[in-house]
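Examining the three-dimensional arrangement
Okay, here's what each chain looks like letter by letter:
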Amino acid sequence: MNNLLSLEQGVAAIKLDDPWTLVRDAEAPLPEGALILPLALWLSRRIAPDPPHDAVWLGPDDEVEHLQPWLEVLPLIALDFPSFRDGRAYSQAYLLRTRMGWQGELRAVGDVLRDQLSHMRQCGFDGFAVREDKSAADALKGLAGMSVSYGRSVIEPRPLFRRR
Amino acid sequence: MYRYDEYDRALVFERVAQFRDQVERFIAGDLSEEEFLPLRLQNGLYLQKHAYMLRVAIPYGTLGAQQLRTLASIARDYDRGYGHFTTRQNMQFNWIELQQVPDILQRLAEVDMHAIQTSGNCVRNITTEAFAGVAADELLDPRPLAEILRQWSTINPEFLFLPRKFKIAICSAHQDRAAIMMHDIGLYLYPDTDGQMLLRVLVGGGLGRTPILGLQIRDGLSWQHLLSYVEAVLRVYNRHGRRDNKYKARIKILVKALGIEAFSREVEEEWQHLRDGPAQLTTDEYQRVAAAFVPPPYQALPDTDLDYGTQMADSPAFARWVTRNVQPHKVPGYSSVVLSTKPGIAAPPGDVTAAQMDAVAQWAEQFGFGEIRIAHEQNIVLPDVPKARLHALWSLACAQGLGSANVGLLTDIIACPGGDFCALANAKSIPIAQAIQQRFDNLDYLHDLGDISLNISGCINACGHHHIGNIGILGVDKNGSEWYQITLGGAQGKASALGKVIGPAFSAAQVPDVISRLIATYVRYRESDEPFIDTVQRIGLEPFKERVYGAMVQPA
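Residues numbered from 1 in each chain as written. Chains lettered and ligands numbered in written order. Predicted model: local features only at pLDDT ≥ 70, side-chain atom pairs only at ≥ 80, totals over all residues.

**Focus on the interface of chain A and chain B**
By a widespread convention, an interface's size corresponds to the accessible area lost as its parts come together. Defined as follows: By the criterion used throughout, residues are in contact when their C-beta atoms, derived from the backbone, lie within 7 Å. A run of H or I in DSSP counts as a helix once it spans at least four residues, and a run of E counts as a strand once it spans at least two, with each numbered from the N terminus. Residues are grouped as follows: Ala, Val, Leu, Ile, Met, Phe, Trp, Tyr, Cys and Pro are nonpolar; Asp, Glu, Lys and Arg are charged; every other residue, Gly included, is polar.
On the side of chain B, 29 residues touch chain A, which itself brings 28 residues to the contact. If you list the elements that add at least two residues to the side of chain A that touches chain B, you get α2 (88-99) and α3 (117-122) of chain A. Here the side of chain A that touches chain B is built from residues that sort into 11 nonpolar, 8 polar and 9 charged.

What follows is the structure in structure tokens.
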């Protein structure tokens, strides 16, 4: 189980039947099933005549723009938080959603913790693979965040001053 | 003053509830120290040497009388009866119990205040000059845009985990009293020939380990684009700023690495996607916020007051205070008053007791329109005092220990809390400040010396802005003991300059003598009324070095 929270039509729930396996180690033999692969490995498998239906994850050093040609074929994009204090994935999420038009699942993986979930949600994430040692049920409480947000975000492109 | 509406209020109260829950989870062991750290920092809570320290935001340095009374009540009920004004115009409480923090924040929220983002790797308190809205040399009032920026930056989800802290200042006067060149983003607001508001944007300034003055990235930016442009800068920084080394993580390092042209191209490219979108500020919003800053109901007063003139003539002490602590006002008959928090040995720079806070709140109502400003020099400003009432205010201020006539003089020392409190400090600041203040306790002599800024930082993080002091003192650690490095020639304002190190560091005991020698050198070389900084610039460092090191016993 991936300790996954998922937002579907605005409703958040613990997802018990998530099929995906996150592959961190590109060198190790690949497991069976639906895989989320690091960018280089994912790209290398695209050249096969009948490419597998893998998903991809990006680290904070990866440029999201590399995914532009593949948005049609990708089943899911994950963005990694190597530490919850590394905020680059928030901007990557913003760009994927707002500028590149990614509509599919955008999953936060890595150091994904309750107290940052609402920021992730506001930046366009809709899947949250909560860190293994934390309770997903507890983390769910962090997803809603606060009722007021001044600035604009992916899920509310109008800043408060256009709404108040 | 800006008053909260139901949105602003809901935000601060929900934030208190959220943090209360986080504190409880931390105490219960559900949040690790590492996980709790950024949460508490983004609520203004540091762990210092002896206790927690809470830094309360005073957005662009503006406070109402009731708010200051609330700070006094916090000092009394939760601290040891005093607070400390910082160089970011905020207030710090140094002796705080973690369990009580949610209640303190609740008390702040009740008077439209908070401690959000006064620390952490996020956009910090937006600052402007203490005389905004009243300065005689003001071009435009920077406060509405400062408030708009405050709101934009508050809990902006994309920019809460930046590579490092991010400081924005805005000013709009002939003199730059907001030190915009030493900010991550410095904004200079000015009118075009039709009176439309334009912005000059500087980026990449900052002190700390690598002091750099900001460089212009854009000029003539229409005010409507303020938020989209700042967003573009922040996004480029968030994506590309270094995260491998905290000492190289400020935006200034990125700007330096890319060069201002390349950095500016990145920002412009990003901005092309944002401009003219929903982030564009509306006239409605500007007017909604600006309505909170309309001038108070000033009386039509004569610009000169007979009694005031007589009082000046009768009391040299009062006259001296007026020459240093009273600033010109844009409305005839009014002045702005600086209450010095630098009495010398009686209290460390920036420290104010609860009783003093209550008194200042009272004076703000009695002599002005209930408003108080905090200057980045750590002094308190009453922005609207009729000239005819200056003498009465001065008498009260003297009785409260807030009447020192030393604004801008050598003893108006800017200092961080230093090693007495701060866990980061290499050395103490307060005893150094007090030793210098004690050495130069002759007011006549100080007034004769004129404008000299002296800034002390207890470590390289430079909270005391030592790089831009005419005389800068930096605490350094040498094999576990405290030493002080001296810089000369720093300046703030439009002629901003970074001071240069004069040579090897000194022990705490040597510092007052060193300062005496620097001052003696100035007195020896100055021409007529030449200010200290001009003499330094004219004659260079050598005469000062000779006088200091030539005479000293071998410095370490």
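Text resumes after the structure shown.
**Let's talk about the domain arrangement of chain B**
Rule in force here: What fixes the domain bounds is an automatic or database domain assignment.
According to the domain assignment, chain B contains domain 1 (6-109), domain 2 (143-290), domain 3 (324-399) and domain 4 (414-551). Distance between the C-alpha centres of domain 1 of chain B and domain 2 of chain B: 27 Å.

**Concerning the sheet that holds strand β2 (residues 52-56) of chain B**
Residue and element names in this part refer to chain B. Stated formally: Between any two strands, pairing holds if DSSP finds at least two bridges. Angles here are taken between N-to-C directions and fall from 0 to 180 degrees, while the axes themselves are lines fitted to C-alpha atoms, restricted in helices to the stretch in contact.
In space, the 5 strands of this open sheet follow the order β1-β2-β5-β4-β12, with antiparallel pairing throughout. Looking at which strands have only one partner, the edges of the open sheet turn out to be β1 (45-47) and β12 (351-353). Taking the axes of each pair of neighbouring strands and ignoring which way they run, one obtains an average angle of 30° across the sheet.

**A word on unusual backbone geometry**
Glycine aside, residues mostly have negative phi angles, and peptide bonds mostly take the trans form. Residue and element names in this part refer to chain B. Filter applied, for reference: Here a residue counts as buried when 20 or more other C-beta atoms sit within 10 Å of its C-beta, as exposed when there are 12 or fewer, and as partly exposed otherwise, the C-beta atoms being derived from the backbone.
A positive phi angle, close to 65°, is found at alanine 462, a residue other than glycine. Among the structural elements, alanine 462 can be located in the loop between β16 (454-457) and β17 (471-478). Judged by the 22 C-beta atoms lying within 10 Å of it, alanine 462 is buried. Residue asparagine 479 is not a glycine yet carries a positive backbone phi of 50°. Mapped onto the elements, asparagine 479 comes out in the loop between β17 and β18 (481-488). On the basis of neighbour counts, which here come to 6 C-beta atoms within 10 Å, the residue asparagine 479 falls in the exposed class.

**Remarks on the nonpolar core**
The line we're drawing: Each nonpolar core reported here comprises buried Ala, Val, Leu, Ile, Met, Phe, Trp, Tyr and Cys residues connected via C-beta atoms within 7 Å.
Ranked by size, the top nonpolar core spans 173 residues in total, and within it Val233, Val360 and Tyr484 of chain B carry the most contacts. For valine 233 of chain B, the residues in contact, after removing those within four places along its chain, are Ile185, Val203 and Val267 of chain B. Leu5, Leu96, Ala108 and Leu117 of chain A belong to the second-largest nonpolar core, a separate cluster that totals 39 residues.

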